[in-house]
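Residue strings, one per chain:
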Amino acid sequence: MTKRSDDMHIINIVTRNSLRVLQRISGLFSRYSVNIDQMSIFSGHDGLSYFSVIVYSDDHSVQKLTNQLHKIVEVCDVRILNHKHF
Amino acid sequence: MKINGAQAMLESLLAENVDVVFGYPGGAILPVYDALYGYRDKIHHVLVRHEQGAVIAAEGYAKSSGKVGVCFATSGPGATNLVTGIADAMLDSVPLVCVTGQVYSTLIGTDAFQEADIIGITLPITKWNVQVTRAEDIPAAMAKAFHYAREGRPGPVVVDITKDAQLGLLEEEFKYQLHQPRKEKVLKCSDMKFIEIADILNNAERPLILAGNGVGIAGAEDELLKLVNKATIPVACTLHGLHNFPSDHELFVGLLGMHGNYAPNIMTNRADVILAVGMRFDDRVTGNLTKYAKQAKIIHIDIDHAEINKNVKSYMHVHADAKYALTNLLRYVQPNKHEAWRELFLKLHQEEHEQVIVPELTMQKDVIRMSQAVNMVSEKTDGKAIVVSDVGQNQMVAMRYYKFKQSKSHISSGGLGTMGFALPAAIGAKMANPDREVICVSGDGGIQMNIQELAVISQEKLPVKILLLNNNYLGMVRQWQEMFHEERYSFVDLHNPDFIGIAKAYGIKGSTVSDPAELEAAVDEMLNSKEAYFLEVIVEKREKVFPMMPQGSGVDEIRLS
């Protein structure tokens, strides 16, 4: 798959740190056919987990996916950065 | 006195005012069933014959009552048997709490007997799920489960409790606190937005309301009726919206979608403003999206933000509960007439009436049609029964010909299209509504997918009426094969058992009717029966359901024949 820089989105997600939360998040990406290019996660001392996910996909798909991410009970916040921010 | 985890789970149910549970015992949920013995007078447990029956019965209970449906199953196969019903509840927004037993926490991951990763399996088909491994965590997990099952757009939740958590004693006294999320979402919308939307509606020449499941979930049936009466806007309903608006109202234009009525589908592509309330533009409703209501300003009201602009781009939207949105909109809409627009409806309706409805309902000498049986039941129950339909032709006919006059009356599997749904769901609906007539409408294919649940009707002495529309075919698949696959009837021919013999073996009265002249007497006998009754109607073998919107075509390309 070619990576068009215009398609790059960085999705920053803050979740409560609990078992399976990685599975819930990554499951949504695969369900919406959005391939994860890079992902880094760390858990803070505040009981929260911080996800930074890089994907190459169009705005509409990313928006749809983000709408679903908000519905995961453990998710506290979702922010998207795209090429317009760089 | 200290209680164990199993008792704490049951106490949690009592705290949530649960008095009916559908379930099936097994090894990993034995402590719960042991505790349940002591709660027999408080919790009515309905013993199903297959776990899929339990979860679907819980759905029927929830859909017909508005309460949360609860079911129990053991670990492994018990839990995996729930999966279809959970997926069904997810798509149809049914609030469920499914409690599954799990192997001892020390055995998890060892491929222990009857171990299945039910949390992993149900992750994409639940609103939320959790595994509990300590007794003291059970009350909070249950509170959270009920909260998420009900909150916003309802849905199913799975609580998987390990056997050691069920057996373990709570360290402290049992205390049940309703779950309070840290940030309570209050969905509000500014008056300005409602004024703007009302303005669009007030200036519309051809407005159309699409009412969905959300109207009923929000309890906004009265608000919808008031709005419609005030502004004189025609209302079309989705499959799950059907019972949310009286079908005998002069502004009711019919059912949307693939096998819906002619007028509402055509009107969708003629309207200048569409107000979609609590519906999600499912593909069975919209047909080809590139040809869907391109001329209209679409105003979408939905409680689930992810539904806004998911399939159909809206001109404006309100992200809120239907009751709240309609109440506010009602303040600003103005009386209107829309006479020319309503005349179009009458003209389109007349076409369908003459070309489809009249010929279908005209009795023939030799064979009964599905529509005739449903129409007769509709007239004789005055549209006030709870009709639980299965999936396929029987479902489409039940929806088209049963004239619903009350909400929480049409129970069906819309999103997932789960064959075998009707019988267990009817059991659930009857448990929730002992005083209402509950009629299970099924086909000969669907009834056999959960026919074992006849035993529950018998054991619980539930006066559920079963109307089996038997054409000895998988009728809907056969229809598609006839229309789109050059009549290659591939595996749709059913050699059926003696259904009445089966019903009798389960202790249920029944009869078969195939002569049109005897249909009325047979329906009367079924409806007059004080106990359960199984009426098998042998129907036209090759009947097709029309109108029909072929897959890939637009809503206005719906065919009458």
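Worth saying up front: this structure is predicted, and the values here are computed from it rather than measured. (Residues numbered from 1 in each chain as written. Chains lettered and ligands numbered in written order. Predicted model: local features only at pLDDT ≥ 70, side-chain atom pairs only at ≥ 80, totals over all residues.)

Caption draft 1: Broad picture of the overall build of chain B. Within chain B one finds 22 helices and 18 strands. For 561 residues, the compact-globule estimate of 2.2 N^0.38 gives 24 Å, and the C-alpha radius of gyration of chain B, at 24 Å, lies within 12% of that figure. For chain B, the C-alpha atoms occupy an extent of roughly 70 × 60 × 40 Å along the three principal directions. Every one of the 561 residues in chain B was classed for burial, and the buried ones make up 53%. Pairs at least 24 apart in sequence give 77% of the contacts found in chain B among residues at least 6 apart. (Helix = DSSP H or I, 4+ residues; strand = E, 2+ residues; numbered from the N terminus. Rg over C-alpha atoms; globule rule 2.2 N^0.38 Å. Buried ≥ 20, exposed ≤ 12 C-beta atoms within 10 Å, placed from the backbone. Contact = placed C-beta atoms within 7 Å.)

Caption draft 2: Structural view of the overall build of chain A. Across its full length, chain A carries two helices and four strands. In chain A, the order of α-helices and β-strands from amino to carboxyl end is β-α-β-β-α-β. A compact globule built from 86 residues should have a C-alpha radius of gyration of about 12 Å, and chain A, at 12 Å, falls within 12% of that. The principal-axis extents of the C-alpha atoms in chain A amount to approximately 35 × 25 × 20 Å. Within chain A, the proportion of its 86 residues that are buried is 21%. Nonlocal contacts in chain A, meaning residues at least 24 apart in sequence, comprise 69% of its contacts between residues at least 6 apart.

Caption draft 3: Seen up close, the sheet that holds strand β10 (residues 273–277) of chain B. Residue and element names in this part refer to chain B. Spatially, six strands are ordered β9-β8-β7-β10-β11-β12 in an open sheet, and the strand pairing comes out parallel. Only two strands of the sheet have a single partner each, and these edge strands are β9 (252–255) and β12 (316–319). On average, each strand axis in the sheet is tilted by 15 degrees relative to the strand beside it, whichever way the strands run. Here three bridges tie strand β7 (residues 207–211) to strand β8 (residues 235–237), and the two strands are oriented parallel to one another. Among the inter-strand pairings, Ile209 is bridged to a residue of β8, identified as Val235. (Pairing = 2+ DSSP bridges. Axes fitted to C-alpha atoms, helices over the stretch in contact; angles between N-to-C directions.)

Caption draft 4: How the structure looks around unusual backbone geometry. All names here are of chain B. Each neighbour pair has its own omega, and for Phe546 with Pro547 the value is -5 degrees, a cis peptide bond. On the secondary structure map, Pro547 appears in the segment after β18 (533–538). A positive phi angle is found at His338, which is not glycine, with a value near 50 degrees. Residue His338 is classed as partly exposed on the basis of its 19 C-beta neighbours within 10 Å. Here the phi dihedral of Glu486 falls at roughly 50 degrees; this positive angle occurs in a residue that is not glycine.

Caption draft 5: Here's a closer look at the pairing of β18(B). Residue and element names in this part refer to chain B. Counting buried residues along β18, five of its six residues qualify, which places the element largely inside the surrounding structure. With six bridges connecting them, strand β16 (residues 465–470) and β18 associate as parallel partners. From the neighbouring strand, Ile466 faces β18, where its bridge partner is Phe534. Judged from the five bridges that link them, strand β17 (residues 509–513) and β18 form a sheet pairing that is parallel. Note that in β18 the partner of Gly510 across the bridge is Phe534. Running through helix α22 (residues 519–528), the crossover from β17 to the neighbouring parallel element β18 is right-handed. (Right-handed = clockwise from strand over helix to strand, strands pointing away.)

Caption draft 6: Structural context of the interface of chain A and chain B. Counting residues at the interface gives 11 residues for chain A, matched by nine residues for chain B. Elements with a contribution of two residues or more to the side of chain A that touches chain B: α1 (21–31) and α2 (59–69) of chain A. The element contributing the most residues to the side of chain A that touches chain B is α1(A), with four residues. Considered class by class, the residues forming the side of chain A that touches chain B number one nonpolar, five polar and five charged. (Nonpolar A, V, L, I, M, F, W, Y, C, P; charged D, E, K, R; others polar.)

Caption draft 7: View of the environment of B:Ala149. Residue and element names in this part refer to chain B. Following the sequence through the fold, Ala149 ends up in helix α7 (residues 138–150). A tally of 25 C-beta atoms within 10 Å means that Ala149 is categorised as buried. When the C-alpha positions of Ala149 and Thr362 are compared, they lie 46 Å apart, and in sequence the two are 213 residues distant. Leaving out residues up to four positions away in the same chain, Ala149 has contacts with Val68, Pro95, Leu96, Val97, Lys127, Pro154, Gly155, Pro156 and Val157.

Caption draft 8: Quick peek at the nonpolar core. Formed by 176 residues in total, the largest nonpolar core has its most connected members in B:Cys71, B:Val97, B:Val159, B:Ile274, B:Val277, B:Val388 and B:Leu467. Take this core: its biggest share by element is eight residues, from helix α18 (residues 422–432) of chain B. Not counting chain neighbours up to four residues away, the residues in contact with B:Val97 comprise B:Val68, B:Val70, B:Ala145, B:Phe146, B:Ala149, B:Val157 and B:Val159. Judged by nonpolar contacts, the second largest core, of 12 residues, contains A:Ile11, A:Leu65, A:Leu69 and A:Val75. (Core = buried A, V, L, I, M, F, W, Y, C linked by C-beta atoms within 7 Å.)

Caption draft 9: Broad picture of the UniProt feature "domain: ACT" (unreviewed entry) in chain A. Feature annotation in UniProt assigns "domain: ACT" (unreviewed entry) to the following positions: residues 10–83 of chain A. Strand forms 43% of residues 10–83 of chain A and helix 30%; the C-alpha atoms that close the span are 9 Å apart. (UniProt positions renumbered as here; feature names shortened; annotations may be inferred.)

Caption draft 10: Focus on the sheet that holds strand β1 (residues 8–16) of chain A. Residues and elements named next belong to chain A. A sheet is described by the order of its strands in space; here four strands give the open sequence β2-β3-β1-β4, paired in antiparallel fashion. In this open sheet, the two edge strands, each paired with only one partner strand, are β2 (36–43) and β4 (75–82). In this sheet, adjacent strand axes meet at a mean angle of 15 degrees when their direction is disregarded. Across seven bridges, the pairing between β1 and β4 is antiparallel. By the bridge assignment, His9 is partnered in β4 with Asn82.

Caption draft 11: Local environment of the packing of helix α3 (residues 51–65) of chain B against helix α5 (residues 83–91) of chain B. Residue and element names in this part refer to chain B. In contact at an axis separation of 7 Å, α3 and α5 are set at 20 degrees when each is read in the N-to-C sense. Taken together, the axis directions place α3 and α5 in an arrangement best described as roughly parallel. Along the contact surface, α3 presents Gln52, Val55, Ile56 and Glu59, while α5 presents Thr84, Gly85, Ile86, Asp88 and Ala89. A breakdown of the residues in the contact of α3 with α5 according to their chemical character gives four nonpolar, three polar and two charged. (Parallel < 35°, antiparallel > 145°, perpendicular 65-115°, else oblique.)

Caption draft 12: Representation of the packing of α3(B) against α18(B) within the structure. All names here are of chain B. Their axes nearest at 6 Å, the elements α3 and α18 cross at an angle of 45 degrees. Between α3 and α18, the crossing angle belongs to the class labelled oblique. For the pair α3 and α18, the crossing hand works out as right-handed. Residues Gly53, Ile56, Ala57, Ala58, Glu59, Gly60, Tyr61, Ser64 and Ser65 of α3 lie in contact with α18, whose contacting residues are Pro424, Ala425, Ala426, Ile427, Gly428, Ala429, Met431 and Ala432. Here the residues of the contact of α3 with α18 sort into 11 nonpolar, five polar and one charged. (Left-handed = near helix turned anticlockwise from the far one by under 90°.)

Caption draft 13: Spotlight on helix α15 (residues 339–361) of chain B. All names here are of chain B. Taken as a whole, α15 carries its principal kink of about 45 degrees at His353. Within the sequence span of α15, burial applies to Trp341, Phe345, Leu348 and Glu352. Elements that come into contact with the buried residues of α15 comprise β9 and α12 (262–268). (Bend = angle between axes of the 7 residues up to and from the residue.)

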